[in-house]
Amino acid sequence: MPALDSSAALTQQVEIDLFQGPFDLLLTLLLRDEVDLLELPLADLVEESVTTGTDERWDLDASSQLVLLLAAMADLKGRRMLGEEVEDEPDPDAIAMREALSARLVAYAPFQRAAQWLAERLRAAQGPRYRRVPPGTATPVPVRDDPARLRAAMDKMVEAPPVPSLDHMGVARRPLPELLGRLRESIARLREVSFDSMVVDCDRLEEALTLLAALELVRRGEAELRQDVPFGDILITGVR
Amino acid sequence: MTELARAIEALLFIAPEPLDQPTLMEITDESPAEVNRALDELRERHAEGTGLELAEVAGGWALRTRADLAPICDRLRARPREDRLSPAALETLAVVAYLEPVTRREIGRLRGVDVDSTVTSLLDRGLIEEGDRAQPNGPARYQTTTHFLERFGLARRGDLPTLERFELTGPEAQAIRARLQQAELIAEAETGEP
């Protein structure tokens, strides 16, 4: 039984920073037999997956699967070293989780390799030189000919926008002053008018405005209001 | 050398960016077949042994110096400063190039990381751009740009090896499953009852 050599494990620590996420790390290590998964510093992995210090925060779901997996492996190694029997009892949940993780790894793998291909391609494409400017770096000049055109373009930008129309917003058909005038006229002629008679054929808004006009006359001391029964008709009497 | 081939050679010589076939047809007033024939002629003329080569890049044609002459060219004119692309940027570019148009969420799901900052940086560098959305209010979907094709020396969109070429081989996928299974069995033994 080999003795656990912690110093050797420490010297072979994997630099987590060098990996582009949990899948990159896991896939690389799973395919590389010489790296023992147990050499991974679990604490660093957990930290990496929850800190926002790096440019790309690791996906919590994926990295927790990774940490669970590594913890399980560490546990197995410990048990084997202690000579414990390890049972082979497949759990449907564990199988489902494993299948899900390997499916994600299989889906991820082509892009990890395509990125390497792109890196090589980028290196190869750096050789040729183009006339005057490398393609893509020449920025087009917006207005080439004269300042007048530039000014015309600017003018369009600083022009005040048209005032939005409020036509659709139902305006009061009879403004208060007009209703006030009508009321005064009626009182002057009849001395006493009924509110109901004033609002025949009026809609609710005009009715409300007429009441306001009547109250305004009272405020100004031009009229008095009398209502004999609650909710009944209101008599508007002129004060001379 | 035909008149048309001479004319196209002159156009490509002075053009600051690759010229596509419709542009060449429009300027020379010739049929596609004639333009193609002239391009073939030019390619032959600039075959091995010359300082220039005819290249199809970013959907057009360009006359450029051969890669091995880069050191001598750079003694005349300083090499253009190209900002380096991080491995994370390259991996994100690979996902976009193969799956375009693709959303941030889809890229992140595939890569197992939060790709917001990387996508923003690729947008800033003009290597990817927003494409059509699946629905009017749906998330933005990204695709590669002409500049991407130019920087990577690709002739046109989709001028990439097939994705199948990069897939895990049967034995590799098997190895991964086996090593994962090994770990799961242990997890199972640890937790005890199912």
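Now for a quick tour of the structure. (Residues numbered from 1 in each chain as written. Chains lettered and ligands numbered in written order. Predicted model: local features only at pLDDT ≥ 70, side-chain atom pairs only at ≥ 80, totals over all residues.)

Here the focus is the overall build of chain A. Helices and strands together make up the secondary structure of chain A, namely nine helices and three strands. Within chain A, the proportion of its 240 residues that are buried is 25%. Here the contacts in chain A between residues at least 6 apart in sequence split such that 60% fall between residues at least 24 apart. (Helix = DSSP H or I, 4+ residues; strand = E, 2+ residues; numbered from the N terminus. Buried ≥ 20, exposed ≤ 12 C-beta atoms within 10 Å, placed from the backbone. Contact = placed C-beta atoms within 7 Å.)

Another aspect to go through is the overall build of chain B. Secondary structure assignment for chain B yields nine helices and five strands. Walking chain B from its N terminus toward its C terminus, one meets helices and strands in the order α-α-α-β-β-α-α-β-α-α-β-β-α-α. Of all 194 residues assigned to chain B, the portion counted as buried reaches 33%. In chain B, the share of contacts with a sequence separation of at least 24, taken over all contacts with a separation of at least 6, comes to 48%.

Before going further, it helps to examine the sheet that holds strand S5 (residues 141–144) of chain B. Residue and element names in this part refer to chain B. An order of S3-S5-S4 is seen for the three strands of this open sheet, with the pairing classed as antiparallel. Taken across any chain shown, the strands that pair with only one partner, and hence form the sheet edges, are strand S3 (102–103) and strand S4 (128–130). Pairing of S3 with S5 involves two bridges; the strand directions are antiparallel. Within S5, the residue paired with valine 102 across the bridge is tyrosine 142. (Pairing = 2+ DSSP bridges.)

Okay, the pairing of strand S2 (residues 223–227) of chain A next. Residue and element names in this part refer to chain A. One ladder, built from five bridges, connects S2 with strand S3 (residues 234–238); its direction is antiparallel. Residue pairing across strands places glutamine 227 opposite isoleucine 234, the latter belonging to S3. Hairpin remark: S2 followed by S3, antiparallel, with six residues in the connecting loop; positive phi at phenylalanine 231, about 65 degrees.

Here we take up unusual backbone geometry. Look at the link from B:Glu100 to B:Pro101: it is a cis peptide, with omega at -5 degrees. Inspection of the secondary structure puts B:Pro101 in the loop between helix H5 (87–99) and S3. At A:Arg191, a position not held by glycine, the phi torsion is positive, near 70 degrees. Take A:Arg191: it is sitting in the loop between helix H7 (176–190) and strand S1 (192–194). A:Arg191 gets classed as exposed once you count the C-beta atoms within 10 Å, which come to 12. Positive phi values are uncommon outside glycine, yet B:Asp29 reaches one of about 60 degrees.

Function cannot be read off these values alone, since they describe shape.
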